[in-house]
Amino acid sequence: MKKNWLTWTAVGLVLGGAAAVGATTVQAAAPAITVVRSAESAPGGNAIATCPSGSKVIGGGYQGAGVFANGGTVYDMVEANTPSSDGNGWGARFHSGRVIATAICKSGASVTVARSAESAPGGNAIATCPSGSKVIGGGYQGAGVFANGGTAYDMVEANTPSSDGNGWGARFHSGRVIATAICSTS
């Protein structure tokens, strides 16, 4: 574990007319930040990156390989890019393709994950943080709209903190979505 070292040197401090020269070293443990990656999911499966014991998720994301038709038409979309409901990791899911989830974890973090209700088709979903906490990250999970042949007829139009800093919002163009907010009091 890396430590931050803070060195404070007092030079020429006058105490009762006498100059005191000295140095004091204070060791402060930096909060450990860890990045954890999941295994690659099965096609259309969930990928979950789990934080080490004693740490909580403070952010995350994904990388993957979507599915396309022979002509290049998109047959896939990201349906989940979200903190886990217990705050212990990050999950991701493509509709048809494979994905790897990545969690940013902080030891000793005190976080709460808030979830919205499911939106109406094409509607906004907003997860609101508990009183006294602010949003530090967030994501979504939902169900997009596809044509009978599999062409994606939908997209994520919003995945963002609320303007007041008290929550996280998400919106699919046509589908339903649930927003998730990572909230912290520190």
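Residues numbered from 1 in each chain as written. Predicted model: local features only at pLDDT ≥ 70, side-chain atom pairs only at ≥ 80, totals over all residues. Heavy atoms only, no water.

Undergrad: Got a minute to help me understand the overall build of the protein in this structure?
TA: The helix and strand tally for the protein stands at zero helices and 14 strands. Shown N-terminal to C-terminal, the secondary structure of the protein runs as helices and strands in the order β-β-β-β-β-β-β-β-β-β-β-β-β-β. Evaluated residue by residue, the protein yields a buried proportion of 38% over its 186 residues. When the accessible surface of the protein is totalled, it reaches about 10000 Å², and 54% of it is carbon and sulfur. (Helix = DSSP H or I, 4+ residues; strand = E, 2+ residues; numbered from the N terminus. Buried < 20%, exposed > 50% of the residue type's maximum accessible area, 1.4 Å probe, protein only. Areas by Shrake-Rupley, 256 points an atom, 1.4 Å probe, with all protein chains shown as cover.)

Undergrad: Just checking my understanding: could you explain the side chain of Thr 180 for this structure?
TA: Residue placement: Thr 180 occurs in strand S14 (residues 176-184). Within polar-contact distance, the side chain of Thr 180 engages the side chain of Thr 82 at 2.6 Å. Non-local contacts of Thr 180, meaning those with residues more than four positions away in its chain, are made with Thr 82, Pro 83, Val 113, Ala 114, Arg 115, Ala 127, Gly 137, Gly 138, Gly 139, Tyr 140 and Trp 168. (Polar contact = N/O pair within 3.5 Å; in protein donor to acceptor, adjacent residues only side chain to side chain. Contact = heavy atoms within 4.5 Å.)

Undergrad: Explain the nonpolar core to me, please; I cannot follow it from the model alone.
TA: In globular proteins that are soluble, nonpolar side chains generally tend to be buried together. In this structure, Val 57, Ala 103, Tyr 140, Val 177 and Ala 181 are the most contacted members of the largest nonpolar core, which totals 32 residues. Sorting the residues of this core by element identifies strand S4 (46-50), strand S7 (89-94), strand S8 (98-107), strand S9 (111-115), strand S10 (125-128), strand S11 (134-143), strand S13 (167-172) and S14 as the ones contributing at least two each. Per-element accounting of this core gives the leading share, five residues, to S14. (Core = buried A, V, L, I, M, F, W, Y, C linked by side-chain atoms within 4.5 Å.)

Undergrad: Sorry if this is basic, but what is going on with the side chain of Ser 84 here?
TA: By the secondary structure assignment, Ser 84 is in the loop between strand S6 (78-83) and S7. By relative accessible area, Ser 84 is classed as buried at 18%. Setting aside residues no more than four positions away along its own chain, Ser 84 makes contact with Gly 89, Trp 90 and Val 113.

Undergrad: Looking at this structure, I do not really get the state of the cysteines. What am I missing?
TA: Each disulfide is one covalent bond, formed between the sulfur atoms of two cysteines. Inspection of the entire model under this criterion finds two disulfides. With its sulfur 2.1 Å from that of its partner, Cys 129 forms a disulfide with Cys 183. Taking the sign of the S-S torsion, -85 degrees for the link of Cys 129 and Cys 183, the bridge is left-handed. Residue Cys 129 is found in the loop between S10 and S11, and its partner Cys 183 is found in strand S14; the two are separated by 54 residues along the sequence. Residue classification places Cys 129 among the buried residues on the basis of a relative accessible area of 9%. (Disulfide = S-S within 2.5 Å.)

Undergrad: Would you mind showing me how to read the sheet that holds S11 here?
TA: Remark on secondary structure: sheet strands pair via backbone hydrogen bonds, oriented parallel or antiparallel. Strand order in the open sheet made by the six strands is S4-S7-S6-S11-S14-S9, with antiparallel pairing throughout. What marks the edges here is a single partner per strand, and that holds for S4 and S9. Looking at each pair of strands side by side, their axes are set apart by 20 degrees on average, direction ignored. Strand direction decides the pairing type here: S11 and S14, joined by nine bridges, are antiparallel. Its bridge partner being in S14, Ala 143 is matched across the sheet by Arg 176. (Pairing = 2+ DSSP bridges. Axes fitted to C-alpha atoms, helices over the stretch in contact; angles between N-to-C directions.)

Undergrad: Explain a nonpolar patch on the surface here, please?
TA: A contiguous nonpolar surface patch, about 260 Å² in accessible area, is contributed by Ile 33, Val 35 and Ile 104. With respect to the helices and strands, the residue Ile 104 is situated in strand S8. Overall, Ile 104 belongs to the partly exposed group, its relative accessible area being 33%. (Patch = residues over 30% accessible without salt bridge, like charges linked within 9 Å, V, L, I, M, F, W, Y side chains within 5 Å. Salt bridge = Lys/Arg side-chain N within 4 Å of Asp/Glu carboxyl O.)

Undergrad: Help me understand the sheet that holds strand S5 (residues 55-65) in this model?
TA: Pairing within the open sheet is antiparallel, and its three strands lie in the order S3-S8-S5. Each having just a single partner strand, strand S3 (33-37) and S5 make up the two edges of the open sheet. Within the sheet, the average angular offset between the axes of one strand and its neighbour, ignoring direction, is 20 degrees. Note that S5 and S8 share ten bridges and pair antiparallel. Looking at S8, one finds that Gly 59 is bridged to Ile 104.

Undergrad: Is there a simple way to explain the packing of aromatic side chains in this structure?
TA: One pair of aromatic rings is described through two measures. These are the centre distance and the angle between the planes. Counting across every chain of the model gives two aromatic pairs. With 5.8 Å between their ring centres and 75 degrees between their planes, Tyr 62 and Phe 94 make a pair best called edge-to-face. Of this pair, Tyr 62 sits in strand S5 while Phe 94 sits in strand S7; the two residues are 32 residues apart in sequence, bridging distant segments of the chain. Summarising the aromatic geometry, the rings of Tyr 140 and Phe 172 are spaced 5.7 Å apart at their centres and angled 75 degrees between planes, so their arrangement reads as edge-to-face. Residue Tyr 140 is found in strand S11, and its partner Phe 172 is found in strand S13; the two are separated by 32 residues along the sequence. (Phe/Tyr/Trp six-rings, centres within 6.5 Å; stacked < 30°, edge-to-face > 60°.)

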